[in-house]
Amino acid sequence: MIIALSNLKGGCGCTTLSLVLAHYFSQKKKQVFLIDLTYEGSLEVLYSKSMLLNERLPFEFFTSDLNRIEVLIDKLQAEKEAIILLDLPKAFANPSLMRLMRCVEIFIIPIQYGLLNTSAASRFALLSSKISPMSSSIFLPNMSSSGGFDDELSAQQKSLRSLGDLSSAISLHPALLELPSMSLPPSCLYELAVSLDLLYSKYIEPKC
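Notes on the structure follow. (Residues numbered from 1 in each chain as written. Predicted model: local features only at pLDDT ≥ 70, side-chain atom pairs only at ≥ 80, totals over all residues. Heavy atoms only, no water.)

Points about the overall build of the protein chain
Looking only at helices and strands, one finds 7 helices and 7 strands in the protein chain. Its helices and strands taken in sequence order, the protein chain reads β-α-β-α-β-α-β-α-β-α-β-α-β-α from the N to the C terminus. Based on the C-alpha atoms only, the size of the protein chain along its principal axes is roughly 50 × 40 × 30 Å. Relative to its 208 residues, the protein chain shows a buried fraction of 50%. Relative to all contacts within the protein chain whose residues are 6 or more apart in sequence, the contacts with residues 24 or more apart total 80%. (Helix = DSSP H or I, 4+ residues; strand = E, 2+ residues; numbered from the N terminus. Buried < 20%, exposed > 50% of the residue type's maximum accessible area, 1.4 Å probe, protein only. Contact = heavy atoms within 4.5 Å.)

Right, here's the structure in full:
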């Protein structure tokens, strides 16, 4: 299964949540391949630090670019039960990225509530549905409040639900804000367990 995390707007938590999900799926006894395709290479930096610390990660990590990714995915898909997690770059006019998106089965779209954020997430869902009509979109809020009125929040949620599934909000653990490496403290996944279990059991597991 290929799962991609992205949004038209940066700073929504795609990279952080892709790392969290890699650890979470590994706890589910899944073989996980985490691939960093971003231009910033934030996951690659964390991976380098993990290697310097001799940390044993429960998943396999790769960094790639859009010119090589199809060959890499072809090799990884030989593992039939594996989950391939992609942290996508913001380069949606790139033909190679569009070809890659056609292979994605689930798009997870991290969002922070707010009119601009909701608009960007909605536009990405529309874009991904046109490129990959058989895929599904899951909106994953990483803030529980928009900072606005309740009716504004309800209107944003209604709009998102018209375009995909809306999972329960995740309150990011403070440790995730300044990660020293790819390892996560046990308390982090423990505190996120309820939201992640809901995301997995309701929206991801039925498609595995």
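Some points on the pairing of strand 3 (residues 60–63)
One face of the sheet, then the other: side chains in a regular strand alternate in exactly this way. Bridging between strand 2 (residues 32–36) and strand 3 involves 4 bridges; their strand directions are parallel. By the bridge assignment for strand 3, I35 is matched with F62. With helix 2 (residues 42–52) bridging strand 2 and its parallel neighbour strand 3, the resulting β-α-β unit is right-handed. (Pairing = 2+ DSSP bridges. Right-handed = clockwise from strand over helix to strand, strands pointing away.)

Here's the deal with the environment of L66
Mapped onto the fold, L66 is located in the loop between strand 3 and helix 3 (69–76). It is 9.8 Å that separates the C-alpha atoms of L66 and A91, two residues lying 25 residues apart in sequence. If we skip the residues at most four places from it in the chain, L66 touches L37, Y39, P89, N94, S96, L97 and L100.

Topic: the packing of helix 1 (residues 14–27) against helix 2
The N-to-C vectors of helix 1 and helix 2 enclose an angle of 50 degrees; their axes lie 10 Å apart at closest approach. Relative to helix 2, helix 1 is oriented oblique. Together, T15, S18 and L19 of helix 1 and S42, L43 and L46 of helix 2 make up the contact between the two elements. Residue composition of the contact of helix 1 with helix 2, grouped by class: 3 nonpolar, 3 polar and no charged. (Axes fitted to C-alpha atoms, helices over the stretch in contact; angles between N-to-C directions. Parallel < 35°, antiparallel > 145°, perpendicular 65-115°, else oblique. Nonpolar A, V, L, I, M, F, W, Y, C, P; charged D, E, K, R; others polar.)

A few points about the pairing of strand 5 (residues 106–111)
Within strand 5, 6 of the 6 residues are buried, which leaves it mostly tucked inside the rest of the structure. Side-chain alternation along strand 5 places I106, I108 and P110 on one buried face and F107, I109 and I111 on a second face that is also buried. By the bridge criterion, 3 bridges tie strand 1 (residues 2–5) to strand 5 in an arrangement that is parallel. Looking at the pairing, A4 lines up with F107 of strand 5. As judged from the 6 bridges shared by strand 5 and strand 6 (residues 136–141), these two strands associate in the parallel manner. Note on strand 6: the bridge partner recorded for P110 is L140. Crossover strand 5 to strand 6 through helix 5 (residues 115–131) is right-handed.

Focus: the environment of S26
Considering the arrangement of structural elements, one finds S26 in helix 1. Owing to a relative accessible area of 13%, S26 belongs among the buried residues under this scheme.

Here's the deal with the nonpolar core
In this structure, I3, L19, F25, L34, L85, M182 and I204 are the most contacted members of the largest nonpolar core, which totals 37 residues. Elements represented by at least two residues in this core include exactly strand 1, helix 1, strand 2, helix 2, strand 4 (83–87), strand 5, strand 6 and helix 7 (186–204). Among all residues touching I204, those that are not within four sequence positions of it are M1, I3, F25, I106, I108, I138 and L199. Counting residues in hydrophobic clusters, the runner-up holds 32 residues, among them L37, M101, I131 and F139. (Core = buried A, V, L, I, M, F, W, Y, C linked by side-chain atoms within 4.5 Å.)

Observations regarding the sheet that holds strand 2
An order of 3-2-4-1-5-6-7 is seen for the 7 strands of this open sheet, with the pairing classed as parallel. Single-partner strands in this sheet number two, and they are strand 3 and strand 7 (165–166). Here strand 1 runs beside strand 4; their pairing, made up of 4 bridges, is parallel. Within strand 4, the residue paired with I3 across the bridge is L85.

Considering the pattern of salt bridges
A full pass over the atoms with the stated rule returns 3 salt bridges. Here D197 and K28 are joined by a salt bridge, their closest N and O atoms 3.8 Å apart. In this pair, D197 sits in helix 7 while K28 sits in the loop between helix 1 and strand 2, placing the two residues 169 residues apart along the sequence. Residue classification places D197 among the partly exposed positions, given a relative accessible area of 33%. We note a salt bridge from R68 to D65, for which the minimum N-O separation is 3.3 Å. Judged by relative accessible area, which is 32%, D65 ranks as partly exposed. (Salt bridge = Lys/Arg side-chain N within 4 Å of Asp/Glu carboxyl O.)

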